Amino acid sequence: MSRIGKMPITVPAGVEITVADGNVVTVKGPKGTLTRAFHPNMTITVDGGVAHVTRPNDEKLNKSLHGLSRTLLHNMVVGVTEGFKKELDVNGVGYRVQKEGKKLVMNLGFSHTVTVEENEDITIEAPTPNKIIIHGIDKQKVGQFAAEVRGKRPPEPYKGKGIKYTTEVIRRKEGKTGGKK
């Protein structure tokens, strides 16, 4: 049995889970609504304040989908109650970010500024000139958006300049040495 898949999901007060035809699950909460279609082999049941994900048999496909489905459903519940956030740091001389309306304007050492616009699912904060915080209720969209922002100027290993996740550790390299005479 899947150790993650068999764990029950506690549904907090104010959160409503509905399962429609075709295993389409809708989770409504204080922060918004998320909808996802799960694999038809997985059975999702909601009774009282607890949701369970079960599988029909021990085939390899069903075993692999069991833990995944439970985790995706749990992330939906957490997203509509608390939300998710990713923090990014901007390192480098002259590198800075600022919020202008719904746009994030970044000076990243290029001859031009790089602009990223927030969408309906994502909100961006720039509390300081070298910090970016990305909020949203869908964990996948928050992670993808953070990866796209980081991809505008990934950190380089020699001086550590670029955009990195706050928890990320950059493996530094030693520069050139003298050489032959």
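Residues numbered from 1 in each chain as written. Predicted model: local features only at pLDDT ≥ 70, side-chain atom pairs only at ≥ 80, totals over all residues. Heavy atoms only, no water.

Novice: Sorry if this is basic, but what is going on with the environment of Lys 131 here?
Specialist: Topologically, Lys 131 is positioned in strand β12 (residues 131–136). Residues Lys 131 and Lys 164, 33 residues apart in the sequence, show an inter-C-alpha distance of 9.8 Å. Discounting residues that sit within four places of it in the chain, Lys 131 has contacts with Glu 87, Leu 88, Asp 89, Val 97, Glu 125, Ala 126 and Thr 166. One polar contact links Lys 131 to Asp 89, side chain to side chain, over a distance of 3.1 Å. (Helix = DSSP H or I, 4+ residues; strand = E, 2+ residues; numbered from the N terminus. Contact = heavy atoms within 4.5 Å. Polar contact = N/O pair within 3.5 Å; in protein donor to acceptor, adjacent residues only side chain to side chain.)

Novice: Mind showing me how you'd approach the packing of aromatic side chains here?
Specialist: Here a ring pair, both rings aromatic, is described through the centre-centre distance and the interplanar angle of the planes. The tally for this structure, following the rule as stated, stands at zero aromatic pairs. Seen from the ring of Tyr 165, Lys 86 lies directly overhead, with NZ or CZ sitting 5.4 Å from the centre. The residue whose ring lies beneath Arg 153 is Phe 110, and the NZ or CZ to ring-centre distance is 4.3 Å. (Phe/Tyr/Trp six-rings, centres within 6.5 Å; stacked < 30°, edge-to-face > 60°. Lys NZ or Arg CZ within 6 Å of the ring centre and 35° of its normal.)

Novice: Any chance you could explain the pairing of strand β5 (residues 43–47) here in plain terms?
Specialist: Remember that side chains alternate between the two faces of the sheet whenever the strand is regular. Relative to strand β6 (residues 50–54), β5 runs antiparallel, the two sharing five bridges. Bridge pairing links Val 46 to Ala 51 in β6. Hairpin connection between β5 and β6: a loop of two residues separates the two successive antiparallel strands, and Gly 48 in this loop has a positive phi of roughly 70°. (Pairing = 2+ DSSP bridges.)

Novice: I'm lost on helix α1 (residues 60–81) in this one. Help?
Specialist: Residues separated by three or four positions in an α-helix point in the same direction, a consequence of the helix having 3.6 residues per turn. End to end, α1 covers 33 Å across 22 residues, agreeing with the expected 32 Å (1.5 Å per residue, within 8%). Note on α1: the residue one or two positions beyond its end, Gly 83, has a positive phi of about 85°. (Expected span 1.5 Å × (residues − 1).)

Novice: Help me understand the sheet that holds strand β11 (residues 122–125), please; the structure alone is not making it clear to me.
Specialist: Each strand in a sheet pairs with its neighbour through backbone hydrogen bonds, running either in the same direction (parallel) or in the opposite one (antiparallel). On the basis of which strands lie adjacent, the open sheet formed by four strands has the order β11-β12-β7-β13 and antiparallel pairing. Looking along the sheet, the strands with just one partner apiece sit at the ends: β11 and β13 (162–165). The mean inter-strand angle of the sheet, taken between neighbouring strand axes irrespective of direction, is 25°. With six bridges joining them, strand β7 (residues 84–91) and β12 adopt antiparallel strand pairing. Along β12, the bridge assignment pairs Phe 84 with Gly 136. Each of β7, β11, β12 and β13 touches helix α2 (residues 139–150); the most contacted strand, β7, lies at about 10° to it. (Axes fitted to C-alpha atoms, helices over the stretch in contact; angles between N-to-C directions.)

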